[in-house]
Structure formats: structure tokens, C-alpha cells
Amino acid sequence: MTDGHETILPPPSATPQAAELAPALAMWLQRLHAAGLGCQGVALHAADAAWRAPFERADVADAWAEARARVTRDSPVALSRVATGELLVATHLALPSGQPGVVGALLSPPHNDRSLQLLLLSLGWLQLTLSAASLAHNQRAAELLELMGHVASHKDARGAAQDWVNRTAAWARRELPPEGELRLALFEVRHERAHWWVAADVSYAETGSPAVQAATEIAQRAFIEGRELLEQEAWALPLLDQGEVVAVLVAQGTAAPAAQQVLRTSAALAEPLLRHWRAAELPLPRQAWRALRRVGKRLRGPGHWAWKAGAAATVLVLAVLLLIPVDDRVTAHTVIEGRTRQLVTAPFEGFIAEALVRPGDRVQQGQVLLRLDERDLKLEQAKLRGDRDQAAAKLRQAMADREAASVALASAELQGAEGQLALVEAKLARAQLVAPIAGLVVSGDWVQQVGAPAELGKEMFEIASEGYRVVLHVPERDIARVRVGQPGVLRLAGQPQDGHAFELSRVTATASVQDGANGFRAEAAWVGETPALSPGMQGVAKVVVGTSNLLTIWTRESVAWLRLKLWQYWVLCEEEMQSQRHRGTEATDLEFLRASVPLWLHLAARHASPPLRTLACPAPPQA
């Protein structure tokens, strides 16, 4: 329909009509005319919009709707007379898909039973024609699936492409007349150029041959123009991926419409598989380069705002990670201890008579903490005093008798008795455990254990003096970066909301294991006012060991682990090389690995941050 200088096309239907419907209805109408029936038109209606073909005459639309509404399985034929005198015949018809349909025919007078019988008999031909077209379509789909099965059975993309082009060419040649010839070639587009990939019936082609040059020329033109090209002896089909031409299929010789349809269908299904297959076989560096090129093209070209925003965000994040310096901290588990710690132990074996203090009590120096039972000692003291007095009497009697030997024996017995008595009196003097220093009782709760035995040397009390110190468990991997005088902040488990400043005062070589991690002991002193603490409190300390960027801080442990593993691998390679030398075999590859790994470690250490250089391996030996 035209309007002035503009051409207005009708809007396309939502569902395309089945390809075999219109030709089948046209041939059926011709057969009705040949049988002597005056048929003015035919129509078909079904639930599926693809199988609908209305009458060309608009004045029979209402009669056609009323007639097909009366067609049921029990009443498969409906007759209706239109205003112009024609007879509208509507009858049931089974579609190739198995769904029911209604076919209609508009017959001119005269009307008789013979005309109606001929019309009904011709419906068998129409149903057979529609089924035959659908069967041919199904056979073509089955052949296409079989072709793709053969293609997918190959191990590499080149062999799969060669098999596909050979089988597709043989399939297309069956659609040609007996005298027709067809040569098929597939070109891939790289760097804005069409490059020959595979061709039917040949495994290799000279790029300078006239046939290849002619095919390359039409493939290049089809790539540039982005559309199908049909010439006298050649036909080119560009294959698209997201609107861009990525391959061109060139057919030289006779390109009949049926053969073109075969090539279009087969190429549209197989080319993406072959293209992705070939791309997956490329070396990893080439795949990475292609990915970078695609990303760069999206960033430089128009559109792709999500990619551009992502790239800008990535650059911003990298700038923050690399350029902004932050404090480099070492995390250590921390325990609060008293400045001076004294232990009070049991002076002898005995029993607890009375406990006067408990943990948490503050005591003064010399204050009694605990009393041991003295009854056995006092009894022994009385006995030893009697023994001493008897020995003294014997000594006096021997001196009166002036017997030198008796005097010596009595004198020795007296000295032994006095020594034992002195020992017992010393134990009695220590039966009361007193505080050696003023401070806080940290451990030793004996109030509920009066009468319990106390072994010699058993720890009874621990007293911490006034003032506290911070004891840090620095992990082994970070001890090399910790120095005396470095500041830090401590947060206790009982006071996580408050941070307390401190400064390292001593780093010792005392190793310890906490939570399965090896570490070393370090001590720190408070900076400013000492908070309200109690010995035994635990927390987490952060020691500032310098400044660095966030990326170095976050990747330090991973880089250190990788260096250690690479060095270990280097040693293993060296041992294997030595064992091969002993066996008299060559070790060229191992020598290369042994030389390359320490070189990488040395270069990485030179460009790493100062904390990482402490873990670096020495420079590799000169080759």
C-alpha cells in the first residue's frame, strides 16, 4: 500500500504461517478445478496460528466462522449457503502435528451430491500432501542432527570442520540437478580479513591458486558488505556473531535455492560450535591476548557503559590499594601479667590448717596467707627436747668421770639432738606462709580445702606486684619485623570498645606455641595512664611496624608461602638432578628449572617491599 512517496507495509504476523500450507492449498484448488468443481476459494483454520489460511473474500468471513463452529467429531461436515448463492462446505481435517483442523471450500452452483462427494474424496489428497511436506521437514532435521553427531565425534576442530564441510557439500549436491556441480569452502575472519580454513573434498589448498583467489575475493566482499552475495558462478553466505561477521561460507558452481537452504541451516548450527572449538584449542597466551583485545575494544568503542564503569572502578580500587600508604601492623595474642610475680610454695609436707586469703585479695609484705597444721611438729619438738636434755646429762656425767671416750660420744649425741631440734623449730617457724611482696593474689584458692595435704615444694599462691606489663605472642612469620620501641594498640576481650596504647620494651628469643601456631614472646609497657586491669586478662594487640600499601599487606602471607614452596621445589629439582647424575643420565630440563626458579625469587625480592625482602632467597649463582 502506497501513500504519496512512502510505502507502508502491513505489520508482520505474530506467528509465521507453515511453509507447506499455502502451496498445498493452491494445488488442492487446482485439482478441484480439474475435477470440474467450480470452487471459488479454500480456507483452513486450526488452534495453531501457523495453520490458518482464511478465505480471500471478506463477505464470507461470518459464514465461515459460523460453519466451522458447527464442525465437531460427531458432526464432521457443516454446510452453509452464503448470500451470493455459493455453498460453503466446512469439514474436519487432521493436521500433520496431530491437532484437529477445519478446512473449508466455497462451491459455485449447481450443487449436488456428486460435487460434495468429490470434495470430500479430495480431502485425502490434501491431508497426504501436508503430511508429506512435514515428513520431508522431519527427515531434513534428522539428517542435520546426524551430521552434527559426526562433527562432534572428532577430537580437534580442524578435523571436525573438514568432516562438516564434506558432508554438507554432499547433502547440498543431492538438492541439485544431475548436471549441477558444487564446491564448498569455509573462511574465517581474522584481523578484518577472510582467511581460507577448510574446503570440501580437499585437505589443503594453495592460497595462490585461481579458485582459492576467486573464493577469497567474494568472501572478502561478503564480509565487507555484511550480506549474501549471489553471482553467476558463486554464492557467499556471511555468518554473524552478535552482529559481526565472523565467518563466510562460499559455494562455487550451481547454487540452487534448495541447496542454499541446506547450507544456511547447516552453517547456522555448526559454525558456532566449530568457531568456539577452534578458539578453545588456541594456546593460553593467545586466548588471553584475544580477551584483552575484546575488553580494550569495548572500552574504546561506543556503548558498553557497564564495562567502562567497571574499568574505572577497577582503576580507582587499584589506585587506593597501591598509592595510599597505611600503617603496617602485626597482630599478636596478648596476656596481661604483673610487673613482678612471686610464688609461695609449701616448705614441708603437711596439712592445711587455715587459709586466710583468696585470689583477688590484695596483701602486704609479710602478711600471713596460710597456716599449716603444727601439731605433729610440736610433738616432735617436745620429743627432741627430751633427747637433747638426756644427751646433755650424759655429757656432764662423762666430764665428771673424766672419760675422754665417753665425753666424745656424749658430745656427738648432743650435737645430733640439737640439730634435729633446730630443723623442727625451723619448720615450725615456716608453718605460716607469708606474702614475700605486696601485691595481688593471682592464684591459690585453699579456703575450701582446709585439711587437705600439701606436698613439699607445691605452689600454694602466686602474688603479682603493683603495675602490669603486656606480654605478646608474636607469630613466627612476623617476628623479623618487630623491633623495640614500636608503638601499638591493645584491645582486651573484656573491654573491646576501648583501645590502650603501649610500646614494645623487649623482644625475647623465648618460643611458645599457642592455638597451634609457633611464636615468640615480646613485652610491652603502657603509654600514658595504666587502665584498670587484672593479671590474666587476654586480648589482641596490633603493633605498628611501618607503612605500606594495602595490596602488599593483604598479599604478604600468600607471597611468602609461594616463595617458600618455589624454593622447596628448587631444592627437590636439585636433588633429582644429582640423583640423575649418579645414574649417568642427562638433566637439561631440571637444570633449567633450577636456574629459573632462584632467578625469579631474586628478581621478586629486589622489587618487593622491605618486609618481604627479609624472606627473599639469595641471588642465584652465575651460569
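### A closer look at the overall build of the protein chain
- Secondary structure summary: the protein chain contains 13 helices and 25 strands in total.
- Classification of the 623 residues of the protein chain by burial places 35% in the buried group.
- Residue pairs at least 24 apart in sequence account for 65% of intrachain contacts in the protein chain once pairs closer than 6 positions are excluded.
- Summing over all exposed atoms, the protein chain offers an accessible surface of approximately 37,100 Å²; the carbon and sulfur share of this is 56%.

### Points about the packing of aromatic side chains
- Taken as a whole and judged by the stated rule, the model has 1 aromatic pair.
- Between F55 and W64, the aromatic rings sit 5.3 Å apart at their centres with planes inclined by 90°, giving edge-to-face as the arrangement.
- Between K308 and the ring centre of W305, over which it is positioned, the NZ or CZ distance is 5.5 Å.

### Looking at the packing of helix 9 (residues 375-401) against helix 10 (residues 404-429)
- Running from N to C, helix 9 and helix 10 point in directions that differ by 160°, and their axes come no closer than 8 Å. With respect to each other, helix 9 and helix 10 are oriented roughly antiparallel. In the packing of helix 9 onto helix 10, the handedness of the crossing is left-handed.
- Of the residues belonging to the contact of helix 9 with helix 10, the class tally is 14 nonpolar, 4 polar and 10 charged.

### Things to note about the packing of helix 7 (residues 284-300) against helix 8 (residues 305-323)
- The geometry of helix 7 relative to helix 8 is characterised by a closest axis approach of 8 Å and an angle of 105° between their N-to-C directions. The orientation of helix 7 with respect to helix 8, classified from their angle, is roughly perpendicular. Here V295, R298 and L299 of helix 7 come into contact with helix 8, specifically with W307, K308 and A311.

### Concerning a positive patch on the surface
- On the surface, R286, R290, R293, R294 and R300 cluster together to form a positively charged patch.
- On the secondary structure map, R290 appears in helix 7.

### Remarks on the sheet that holds strand 15 (residues 362-363)
- Pairing is antiparallel in the open sheet, where 4 strands are placed in the order 13-20-18-15. Of all strands in the sheet, those with a lone pairing partner are strand 13 (341-345) and strand 15, marking the two edges.
- Sheet topology places strand 13 next to strand 20 (residues 459-465); 5 bridges connect them, and they run antiparallel. Across the sheet, R341 pairs through a bridge with A464, a residue of strand 20.

### Regarding the confidence of the model for the protein chain
- Of all residues in the protein chain, 89% have pLDDT values of 70 or greater, and the mean over the chain is 81.
- Between residues 1-13, whose pLDDT stays under 50, and residues either more than four places distant or in other chains, the model counts 5 contacts.
- Low pLDDT (under 50) marks residues 602-623, which in the prediction has 26 contacts with non-local residues, meaning those over four places away or in another chain.

### Brief notes about the pairing of strand 11 (residues 244-253)
- The buried fraction of strand 11 amounts to 9 of the 10 residues, a majority that puts the element mostly inside the structure.
- Direction of pairing for strand 7 (residues 182-190) relative to strand 11: antiparallel, over a ladder of 7 bridges. For A185, the partnering residue across the bridge sits in strand 11 and is V250.
- Note: strand 10 (residues 234-241) against strand 11, 8 bridges, orientation antiparallel. Looking across to strand 11, one finds that D241 is bridged to E244.
- Connecting strand 10 to the antiparallel partner strand 11 that follows it, the hairpin turn spans 2 residues, and Q242 within it adopts a positive phi of roughly 55°.

### A look at the sheet that holds strand 8 (residues 193-199)
- With respect to topology, 5 strands assemble into an open sheet ordered 8-7-11-10-9, the strand pairing being antiparallel. The sheet is open, and its two edges are formed by strand 8 and strand 9 (229-230), each paired on a single side.
- Both strand 9 and strand 10 contribute to a ladder of 2 bridges, which runs antiparallel. Across the sheet, L230 pairs through a bridge with W235, a residue of strand 10.
- Across the sheet, helix 4 (residues 157-174) lies against strand 7, strand 8 and strand 11, angled at about 75° from strand 8, the strand it touches most.

### Overview of the pattern of salt bridges
- Within the structure shown, the criterion is met by 28 salt bridges.
- Here E225 ties to R227 by a salt bridge, and the two come within 2.8 Å at their closest N and O atoms.
- According to the relative accessible area criterion, R227 is partly exposed, its value standing at 47%.
- The partner of R264 in a salt bridge is E228, and the shortest N-O contact between them spans 2.9 Å. Of the two residues, R264 is situated in helix 6 (residues 257-280) and E228 in the loop between helix 5 (210-225) and strand 9; the sequence distance between them amounts to 36 residues.

### A closer look at the side chain of Q220
- Within the fold, Q220 resides in helix 5.
- Excluding residues within four positions of it along the chain, Q220 makes contact with E192, R193 and A194.

### Focus: a nonpolar patch on the surface
- Among the surface-exposed residues, L316, L318, V320, L322, L323, I324 and L551 lie close enough to one another that they form a single nonpolar patch of about 620 Å² accessible area.
- Broken down by element, the nonpolar patch gets its largest block of residues, 5 residues, from helix 8.
- Locating L316 in the fold gives a position in helix 8.
- Classification of L316 by relative accessible area gives exposed; the value is 58%.

### Focus: the nonpolar core
- Counting 33 residues, the largest nonpolar core has W164, L184, L186, L249, L263 and L274 as its most contacted members.
- Those elements that provide at least two residues to this core are helix 3 (113-152), helix 4, strand 7, strand 8, strand 10, strand 11 and helix 6.
- Of the residues forming this core, the biggest block, 8 residues, is contributed by helix 4.
- The contact partners of L186, leaving out residues within four places of it in the chain, are W164, H195, W196, W197, V198, L239, A247, V248 and L249.
- Judged by nonpolar contacts, the second largest core, of 26 residues, contains V363, L433, A435 and M460.

### Focus on unusual backbone geometry
- In this structure, the amide linkage connecting P109 to the following residue, P110, adopts the cis form with an omega of 5°.
- The topology assignment puts P110 in the loop between strand 6 (100-107) and helix 3.
- Phi at D201 takes a positive value of approximately 70°, unusual for a residue other than glycine.
- Position of D201 relative to the elements: it lies in the loop between strand 8 and helix 5.

How each quantity is defined
Residues numbered from 1 in each chain as written. Predicted model: local features only at pLDDT ≥ 70, side-chain atom pairs only at ≥ 80, totals over all residues. Heavy atoms only, no water. Helix = DSSP H or I, 4+ residues; strand = E, 2+ residues; numbered from the N terminus. Buried < 20%, exposed > 50% of the residue type's maximum accessible area, 1.4 Å probe, protein only. Contact = heavy atoms within 4.5 Å. Areas by Shrake-Rupley, 256 points an atom, 1.4 Å probe, with all protein chains shown as cover. Phe/Tyr/Trp six-rings, centres within 6.5 Å; stacked < 30°, edge-to-face > 60°. Lys NZ or Arg CZ within 6 Å of the ring centre and 35° of its normal. Axes fitted to C-alpha atoms, helices over the stretch in contact; angles between N-to-C directions. Parallel < 35°, antiparallel > 145°, perpendicular 65-115°, else oblique. Left-handed = near helix turned anticlockwise from the far one by under 90°. Nonpolar A, V, L, I, M, F, W, Y, C, P; charged D, E, K, R; others polar. Patch = residues over 30% accessible without salt bridge, like charges linked within 9 Å, V, L, I, M, F, W, Y side chains within 5 Å. Salt bridge = Lys/Arg side-chain N within 4 Å of Asp/Glu carboxyl O. Lys, Arg positive; Asp, Glu negative; His and termini not counted. Charge placed at Lys NZ, Arg CZ, Asp CG, Glu CD. Pairing = 2+ DSSP bridges. pLDDT = per-residue confidence, 0-100. Core = buried A, V, L, I, M, F, W, Y, C linked by side-chain atoms within 4.5 Å.

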